[in-house]
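Coordinate inspection notes
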Amino acid sequence: MNVTFVVNLTVAIMAGIIVGLERQWQHKIAGMRTTALVSFGACLFVTLSVFMAGDDSSPTRIAAQVVSGIGFLAGGVIIRDGFSVSGINTAAIIWCSAAIGSIIGAGYRLEGIVAACMLMFVNIVLRSLSRKVDNFLLSDSTHYYVSVKCGHEDEIKVRTKILHTLNALGLDFNQITCSSVKEGRVDILIDLEVNAHESSTPIRIKSLVEKLLTERRILQVHNIGADLEERGLTDKHE
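In this text, all values refer to a predicted model and were calculated from it rather than measured experimentally. (Residues numbered from 1 in each chain as written. Predicted model: local features only at pLDDT ≥ 70, side-chain atom pairs only at ≥ 80, totals over all residues. Heavy atoms only, no water.)

1. Topic: the overall build of the chain
- Per the secondary structure count, the chain includes seven helices and seven strands.
- Counting from the amino terminus, helix and strand elements in the chain follow one another as α-α-α-β-β-α-α-β-α-β-β-α-β-β.
- Burial status across the chain gives 34% buried among its 238 residues.
- Long-range pairs, those at least 24 residues apart, make up 62% of the contacts in the chain with a sequence separation of at least 6.
- Looking at the chain as shown, the accessible area adds up to about 14200 Å², and 61% of this sits on carbon and sulfur atoms. (Helix = DSSP H or I, 4+ residues; strand = E, 2+ residues; numbered from the N terminus. Buried < 20%, exposed > 50% of the residue type's maximum accessible area, 1.4 Å probe, protein only. Contact = heavy atoms within 4.5 Å. Areas by Shrake-Rupley, 256 points an atom, 1.4 Å probe, with all protein chains shown as cover.)

Here it is as structure tokens:
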């Protein structure tokens, strides 16, 4: 039994636990066990290449396969719900855990532990900083409202069209509400959350109205503006 082999694996597991501790604390999908296993597996692969002789099994070649292979595992924690995506940060941490395990497997144990501590530090510090930046941006945000009328039978298709158009224009919405009106029509109210000081905001909202007007299922588009009481009406047809 190679003592170095055991020491490297133990250090790799410890480094994975350090990285996963922050994820576990935040109740994320990948916790200490996942990151420890990723680091452990990467260490095993790189250590295997060190044990084997020949150019075809050099540590760099094995490490390259670890980098490409870990992408499948990291992709499994990325979840898309409509136009919102979550799990990207966790996937990046899994990727980094594999890199840390590879470093330790190559014999750089102290460097691997330092990298794990730095990764945990970056996650904790940047989370707080990113929240402050988000709060600052939200303080400059305002709400614009656009109302769309369509037939009751076309509601689902129109909502799908609205979502795709918002995504294409890079517009964020706070909520989309639907209410029935007379004569079998549905009024869809889009609550847009935009930066009040961004010069492109009026242009993008105008583009939204223009694109929605090209949809034959939409009967009317109301560009309400920033105040629900001030309704500017843009009719396509009655």
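From this point, the discussion proceeds with the structure in view.
2. Things to note about the side chain of D191
- Mapped onto the elements, D191 comes out in strand β5 (residues 185–195).
- Since its relative accessible area comes to 5%, D191 is described here as buried.
- When neighbours within four sequence positions are excluded, D191 is seen to be in contact with H143, Y144, Y145, F173, N174 and Q175.

3. Regarding the environment of R204
- Relative to the assigned elements, R204 resides in helix α7 (residues 201–213).
- Residue classification places R204 among the buried positions, given a relative accessible area of 19%.
- Taking the C-alpha atoms as reference, R204 lies 9.3 Å from L166; in sequence the two are 38 residues apart.
- A distance of 3.4 Å separates the side chain of R204 from the backbone oxygen of L169, its partner in a polar contact. (Polar contact = N/O pair within 3.5 Å; in protein donor to acceptor, adjacent residues only side chain to side chain.)

4. With respect to the packing of helix α6 (residues 155–169) against α7
- With their axes 10 Å apart at the nearest point, α6 and α7 run at an angle of 145° to one another. Read as a crossing pair, α6 and α7 show a hand that is right-handed. Where α6 abuts α7, its residues K161, I162, T165, L166 and L169 lie against R204, S207, L208, K211 and L212.
- A per-class count over the contact of α6 with α7 returns five nonpolar, two polar and three charged. (Axes fitted to C-alpha atoms, helices over the stretch in contact; angles between N-to-C directions. Left-handed = near helix turned anticlockwise from the far one by under 90°. Nonpolar A, V, L, I, M, F, W, Y, C, P; charged D, E, K, R; others polar.)

Geometry only, nothing functional implied.
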